[in-house]
Amino acid sequence: PARDDFGGWFYLLVGSPLLFLAFSDTCVYWIHRMLHHRLLYAPIHKLHHKYKETTPFSAYAFHPLDGWLQGCPYHIFVFLFPMHHVTYFMSLAMVGLWTINIHDRTTMKLPFVNGAAHHTIHHTGFNYNYGQYLVFWDKIGGSFRDPFAYAPYNGEKIKERKTE
């Protein structure tokens with residue numbers, strides 16, 4: 001009998017990466033939002049927000065516990081859902097590139113995508129745009145802020161704030 005490998009290849013190349021994206025975006029949104037709680041922000045997440053104007057270098061400037069917490073969903077995923085190791089490593093590489101991308105202040109206006117503009121607003125407004133890849137959870141959770149209505153994406157300069 002003929003073997004239908006389409007379902008396997010589809011899951012390998014499309015299904016598992018999309019599931020990885022949805023799972024990690026959901027988990028990172030809620031972990032990131034939790035890190036903004038008053039009891040966790042100062043000791044764990046504040047270091048990352050030291051960089052109001054983000055750069056690719058600030059993408060990886062964080063407390064070790066912050067990095068561990070936000071990194072857990074990527075590794076938990078493979079214990080819950082089957083994923084080929086090559087697809088997994090490629091997905092992790094894309095996570096790293098995406099993390100740099102959302103901190104480089106160069107944004108593409110893609111609908112539903114949490115780009116660099118959204119993340120810049122997160123760094124300047126703190127309580128907005130917690131998502132990793134998409135704006136879905138920010139819209140559901142009431143934390144979405146359109147970056148093109150605020151500085152610097154509306155043409156105004158970012159206001160300096162007093163540092164501690």
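Further up the page is the structure itself.
Description of the structure in this document. Just so it is clear, the structure is predicted and the values come from calculations on it, not from any experiment.

**So, unusual backbone geometry**
Then step 1. Of note in this structure, Phe112 is not a glycine but carries a positive phi near 70°.
Then step 2. Along the chain, Phe112 turns up in the loop between helix 4 (85-101) and helix 5 (116-125).
Then step 3. One non-glycine residue, Asn129, lies in positive phi territory at about 55°.
Then step 4. Checked against the element boundaries, Asn129 lands in the loop between helix 5 and helix 6 (136-141).

**Thoughts on the nonpolar core**
Then step 1. Formed by Phe20, Phe23, Val28, Tyr74, Phe77, Met83, Tyr88, Val95 and Tyr133, the largest nonpolar core amounts to 9 residues.
Then step 2. Counting only elements with at least two residues in this core, the list comes to helix 1 (6-35), helix 3 (64-80) and helix 4.
Then step 3. In terms of residue count, the dominant contributor to this core is helix 1 (3 residues).

**Comments concerning a nonpolar patch on the surface**
Then step 1. Among the surface-exposed residues, Trp9, Phe10, Leu13, Val14 and Leu18 lie close enough to one another that they form a single nonpolar patch of about 530 Å² accessible area.
Then step 2. Position of Leu13 among the secondary structure elements: in helix 1.
Then step 3. In this structure Leu13 comes out as exposed when scored by relative accessible area, which is 57%.

**Observations regarding the environment of Asn127**
Then step 1. Within the secondary structure, Asn127 is located in the loop between helix 5 and helix 6.
Then step 2. Spatially, the C-alpha atoms of Asn127 and Tyr29 are 12 Å apart, while their sequence positions differ by 98 residues.

**A short note on the side chain of His32**
Then step 1. With respect to the helices and strands, the residue His32 is situated in helix 1.
Then step 2. At 3.2 Å, the side chain of His32 and the side chain of His45 are in polar contact.

Reading the values: the criteria
Residues numbered from 1 in each chain as written. Predicted model: local features only at pLDDT ≥ 70, side-chain atom pairs only at ≥ 80, totals over all residues. Heavy atoms only, no water. Helix = DSSP H or I, 4+ residues; strand = E, 2+ residues; numbered from the N terminus. Core = buried A, V, L, I, M, F, W, Y, C linked by side-chain atoms within 4.5 Å. Buried < 20%, exposed > 50% of the residue type's maximum accessible area, 1.4 Å probe, protein only. Patch = residues over 30% accessible without salt bridge, like charges linked within 9 Å, V, L, I, M, F, W, Y side chains within 5 Å. Areas by Shrake-Rupley, 256 points an atom, 1.4 Å probe, with all protein chains shown as cover. Salt bridge = Lys/Arg side-chain N within 4 Å of Asp/Glu carboxyl O. Polar contact = N/O pair within 3.5 Å; in protein donor to acceptor, adjacent residues only side chain to side chain.

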